Amino acid sequence: MAASSSETNRYLKQKQNRVLRYAVLRHSVIIFFLLTILLPLTWVLMLSIKSLPDSMRGNFWPRRFDFSHYGYVFDKIETLPYNLFNSIYVTGATVLITTFCAVLAGYALVHLKPRGGPFIVAIFLSSLYFPTRVVSIITVYEIQDYLGLINSTSGLILPYITLNLAISVLIMRSIFQLVPHELIDAARIDGAGPWRTLWVVGLPLAKNGLVVVIIVNFVTAWGEYLLCATLSNDQLVRTMPVVLASAHGGMGQWAWPRIAAVYIIVVLPGIIAFTFAQRLFFKGLMEGALKT
Amino acid sequence: MASAKKTILGLDLNTWVFLLPALLFFAGYQLFPIVRVVWISFTDFKYLTNDPPNWVGFANYIEAVNDPLMWKSLGRAAYFTVLFLPGTIIFPLLLAVLVDRVRNAKVATVYRVILLIPAVIPSTLVFVLWKWMYNYQIGPINYFLVEIMEWFTYRNAPQWLGGTDLTLPSVAIMEIWWGLGYHSIFFLAGLAAIPKDLPEAARVDGANEWQVFWYVIRPRLQPIMMILVVLRFGTAMAVIDEYLIFGGFNRAHPTYTWTVFMYDQAFKTGLWRQGFAASIGMVGAVVMMIFVAYLVYIFRSKD
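Residues numbered from 1 in each chain as written. Chains lettered and ligands numbered in written order. Predicted model: local features only at pLDDT ≥ 70, side-chain atom pairs only at ≥ 80, totals over all residues. Heavy atoms only, no water.

Participant: Can you lay out the overall build of chain B for me, pointing to particular residues and giving the numbers?
Facilitator: Within chain B one finds 12 helices and 2 strands. When the helices and strands of chain B are listed from N to C terminus, the series reads β-β-α-α-α-α-α-α-α-α-α-α-α-α. Over its C-alpha atoms chain B spans a radius of gyration of 25 Å, topping by over 25% the 19 Å that the globule rule assigns to 303 residues. Projected onto the principal axes, the alpha-carbon positions of chain B cover approximately 80 × 75 × 35 Å. The proportion of buried residues among the 303 residues of chain B is 54%. Taking the contacts inside chain B whose residues are at least 6 apart along the sequence as the reference set, 62% of them involve residues at least 24 apart. Only carbon and sulfur atoms are counted for the fraction: they give 66% of the accessible area of chain B, which is about 14100 Å². Taking the 22 positively charged and 18 negatively charged side chains of chain B as two groups, their mean positions are separated by 4 Å. (Helix = DSSP H or I, 4+ residues; strand = E, 2+ residues; numbered from the N terminus. Rg over C-alpha atoms; globule rule 2.2 N^0.38 Å. Buried < 20%, exposed > 50% of the residue type's maximum accessible area, 1.4 Å probe, protein only. Contact = heavy atoms within 4.5 Å. Areas by Shrake-Rupley, 256 points an atom, 1.4 Å probe, with all protein chains shown as cover. Lys, Arg positive; Asp, Glu negative; His and termini not counted. Charge placed at Lys NZ, Arg CZ, Asp CG, Glu CD.)

Below you can see the structure in the form of structure tokens.
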């Protein structure tokens, strides 16, 4: 008895060791990848608090810190508040309008069962595979020129809305497919019109998908380059990313640590907002976004 | 009264109101521009002239197809796609399989949140970030290679984005980094849908971890893989923003792909030949679509 029990013990211990070794290996690989994600961002964070001479070298830890760059960029770069405002304004409007369109269309495609529904879905789906954004830029410029919207910050909103419109509608559609028809019908029989049904019954159940659509549209509009760079040439009407992409170091306003400070200011809101919304975001992704 | 619904084209008025905003924007800024580009590609259209554009038939297409730059620039886009596509599938797949086995819920959440950070960094900010990473003088990558490892000196350190053979691989690494988390989450969603007793049963039957992955898990991830390959093929072939930011309009630069060629002809070259540019865009798009159709066909026939 004693011999066999010690044998099983040894066997269990061996197995335990193997499991442990495996777990250590697994976590090391994951952590390696996570570090490759975090290190570039931390490096830029460090760059934004380096002194000017230290910023000319690529080292991680500076010899002298300088925390004044954040104040400097707001004091001395006169165009910065404009660009920041443009970004907030264009992104806000784009997210709002696209989400509104996507919720209505997604809901209608599932629960109002329009006759041409499958056709609309097919067109939206195929637009995802065609390089629309690139090829259409020639005509989008023409349209904006025709409407007098070249060099207009508000004018950017129109093409921005369509950047993610198709995917947003498809995401909302697959989210609304999870809402049972019986629930919608019950509300309808109780005398609620389609607007009330959507607002009271449909929307609360589509919350997770809504978060996904908002985040996806925010990320696209906040970082859009091609349209903004093409449809405007005045620094004052441009959004933040276009200004950042053309900033080139040196010693003046756009010295490296100062660009880095602007960079951190621009990149942080998205990351913070996401961290707070991540539970809903993951749920939404799992529920519907990945099924389209 | 309530039953006397107003209908237009057989559709309830309310249904139209719901669909109209999305359809209007889609028609105005996606459908119409593409149709118009197709039309422009058959004319000598220019923004700047007041003369009405003339129909020129296939002249623009003949010129585009006979321009060696057309094929060279398409080749560059294809080369980039080949560099980018395997990495953006394999690394996230590996990561997803590993993260999926983390049992501690809190640790798993932390992993996922960090994984998704690149996905919430807007595109241009990713490019600005990596412009720093690859910077010849102040970039941390060259700092590591020169000062810490001492494999290079600042005289012969690699010019990552400087138009050398390293440029497209460097851009590909950046893009793989960008998609790492997002694609992992795709695969994690697929893994979550696999019933846990399936791999367990295979293990009880004596399958090792590799066999479990290859015979049990991989076939069930096939649909997600298919969508990712086709979608990312499309984005990789049509990359433009990062090429404009990194390379500009130097025709010898490896980032001068068909998209940049089109943009150059439409907006930068003094001639402003939008008709010719449109035909370049259409040739590129058609070549892409042929490959997309082929990819969809390959994946379909396996089922």
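We are not done yet, so read on.
Participant: An account of the overall build of chain A is needed here, citing residue identities and associated values.
Facilitator: Counting its secondary structure elements, chain A contains 14 helices and 0 strands. Along the first, second and third principal axes, the C-alpha atoms of chain A reach 90 × 70 × 35 Å. The buried share among the 292 residues of chain A stands at 54%. For chain A, the computed accessible surface area is about 13700 Å², with 66% contributed by carbon and sulfur atoms.

Participant: Help me get a handle on the domain arrangement of chain B, residues and values and all.
Facilitator: Each domain of chain B was delimited in the assignment, giving domain 1 (1–40) and domain 2 (58–302). Taking the mean C-alpha position of each, domain 1 of chain B and domain 2 of chain B sit 35 Å from one another. (Domains from an automatic or database assignment.)

Participant: Describe the pattern of salt bridges, listing the residues and the values that go with them.
Facilitator: Residues and elements named next belong to chain B. Counted under the stated rule, the structure contains 8 salt bridges over all chains. In this structure, aspartate 100 engages lysine 196 in a salt bridge whose closest nitrogen and oxygen atoms are separated by 3.9 Å. Taken as a pair, aspartate 100 in helix H3 (residues 68–100) and lysine 196 in the loop between helix H7 (167–192) and helix H8 (197–204) lie far apart in primary sequence, 96 residues in all. For lysine 196, a relative accessible area of 47% puts it in the partly exposed group. Between arginine 101 and glutamate 209 there is a salt bridge; the shortest N-O distance is 2.7 Å. (Salt bridge = Lys/Arg side-chain N within 4 Å of Asp/Glu carboxyl O.)

Participant: Let's hear about the domain arrangement of chain A: which residues, and what values?
Facilitator: Where the parts come together, the accessible area they lose is often given as the size of the interface. When cut into domains, chain A gives domain 1 (2–47) and domain 2 (69–291). One C-alpha centre belongs to domain 1 of chain A, the other to domain 2 of chain A, and the line joining them spans 40 Å.

Participant: Which residues make up the interface of chain A and chain B, and what values go with them?
Facilitator: Residue-level contacts link 92 residues of chain A with 93 residues of chain B. Counting the surface lost from both chain A and chain B, the interface buries some 8300 Å², and carbon and sulfur atoms represent 80% of this. Connecting chain A to chain B are 2 salt bridges. Taking the shortest distance from any N to any O, the salt bridge between Arg133(A) and Asp241(B) comes out at 2.7 Å. Looking at the side of chain A that touches chain B, the element that brings in the most residues is helix H1 (residues 2–47) of chain A, giving 16 residues. When grouped by side-chain class, the residues that make up the side of chain A that touches chain B number 69 nonpolar, 17 polar and 6 charged. (Buried area = accessible area lost by both parts, 1.4 Å probe. Nonpolar A, V, L, I, M, F, W, Y, C, P; charged D, E, K, R; others polar.)

Participant: Lay out the packing of aromatic side chains with the relevant residues and their values.
Facilitator: Scanning the entire structure with this criterion turns up 38 aromatic pairs over all chains. One aromatic cluster is present, built from ring pairs that chain together Tyr141(A), Phe45(B), Tyr47(B), Phe249(B), Tyr263(B) and Phe267(B). Taking the ring centre of Tyr72(A) as reference, the NZ or CZ of Arg258(A) above it sits at 3.7 Å. We note Arg218(B) situated over the ring of Trp214(B); from NZ or CZ to the ring centre the distance is 4.1 Å. (Phe/Tyr/Trp six-rings, centres within 6.5 Å; stacked < 30°, edge-to-face > 60°. Lys NZ or Arg CZ within 6 Å of the ring centre and 35° of its normal.)

Participant: Talk me through helix H4 (residues 117–127) of chain A; I want residue IDs and the actual numbers.
Facilitator: Given 3.6 residues per helical turn, the α-helix brings residues three or four places apart onto the same face. Taken together, the buried positions of H4(A) are Gly117(A), Ile120(A), Val121(A), Phe124(A) and Ser127(A). Along H4(A), the residues classed as buried sweep out an arc of 130 degrees about the axis, all on the same side. Exposed and oriented more than 90 degrees from the buried face of H4(A) are Pro118(A) and Phe119(A). Against helix H3 (80–112), helix H5 (132–135) and helix H8 (165–176) of chain A together with helix H1 (13–40) of chain B lie the buried residues of H4(A). (Arc of directions from axis to C-beta.)

Participant: Tell me what's going on with the packing of helix H5 (residues 123–133) of chain B against H7(B), and back it up with residues and numbers.
Facilitator: Residue and element names in this part refer to chain B. Running from N to C, H5 and H7 point in directions that differ by 130 degrees, and their axes come no closer than 11 Å. Here H7 runs oblique to H5, going by the angle between their axes. H7 is crossed by H5, and the crossing has right-handed handedness. Contacts from Ser123, Val126, Phe127, Leu129 and Trp130 of H5 reach H7 at Ile173, Met174, Glu175, Trp177 and Trp178. For the contact of H5 with H7, a count of residues per class yields 8 nonpolar, 1 polar and 1 charged. (Axes fitted to C-alpha atoms, helices over the stretch in contact; angles between N-to-C directions. Parallel < 35°, antiparallel > 145°, perpendicular 65-115°, else oblique. Left-handed = near helix turned anticlockwise from the far one by under 90°.)

Participant: Just give me the short version of a nonpolar patch on the surface, but keep the residues and values in it.
Facilitator: Residue and element names in this part refer to chain A. A cluster of nonpolar side chains, namely Ile31, Leu35, Leu39, Phe60, Trp61, Phe65 and Phe67, defines an oily patch on the protein surface of about 710 Å² accessible area. For phenylalanine 60, the location among the structural elements is in the loop between H1 and helix H2 (69–76). Residue classification places phenylalanine 60 among the partly exposed positions, given a relative accessible area of 33%. (Patch = residues over 30% accessible without salt bridge, like charges linked within 9 Å, V, L, I, M, F, W, Y side chains within 5 Å.)

Participant: Run through the side chain of Asn217(A), naming residues and quoting values.
Facilitator: Residues and elements named next belong to chain A. If you trace the backbone, asparagine 217 turns up in helix H11 (residues 207–223). A polar contact is formed between the side chain of asparagine 217 and the side chain of serine 168, at a distance of 3.1 Å. The contact partners of asparagine 217, leaving out residues within four places of it in the chain, are Val95, Thr98, Asn164 and Ser168. (Polar contact = N/O pair within 3.5 Å; in protein donor to acceptor, adjacent residues only side chain to side chain.)

Participant: Lay out the environment of Ile224(B) in plain terms, naming residues and giving numbers.
Facilitator: All names here are of chain B. With respect to the secondary-structure elements, isoleucine 224 resides in helix H9 (residues 209–237). Residue classification places isoleucine 224 among the buried residues on the basis of a relative accessible area of 15%. Counting along the chain gives 195 residues from isoleucine 224 to tyrosine 29, while the straight-line C-alpha distance between them is 29 Å. Setting aside residues no more than four positions away along its own chain, isoleucine 224 makes contact with Phe186, Phe187 and Gly190.

Participant: Let's hear about the nonpolar core: which residues, and what values?
Facilitator: With 193 residues, the main nonpolar core has Phe176(A), Tyr263(A), Ile121(B) and Trp132(B) as its most contacted residues. Apart from the residues lying within four places of it in its own chain, the contact partners of Ile121(B) are Leu41(A), Val219(A), Tyr263(A), Val267(A), Ile271(A), Val126(B), Trp177(B) and Trp178(B). (Core = buried A, V, L, I, M, F, W, Y, C linked by side-chain atoms within 4.5 Å.)

Participant: Now, about the packing of H11(A) against helix H14 (residues 256–287) of chain A: what can you tell me, with residues and values included?
Facilitator: All names here are of chain A. The interhelical angle for the contact between H11 and H14, taken along N-to-C directions, is 145 degrees, at an axis separation of 7 Å. In this structure, the crossing between H11 and H14 has a hand that is left-handed. On H14, the residues that touch Lys207, Asn208, Gly209, Val211, Val212, Ile215, Phe218 and Trp222 of H11 are Val266, Gly270, Phe274, Ala277, Leu280, Phe281, Lys283, Gly284, Leu285 and Glu287. Residues of the contact of H11 with H14, tallied by class, amount to 11 nonpolar, 4 polar and 3 charged.

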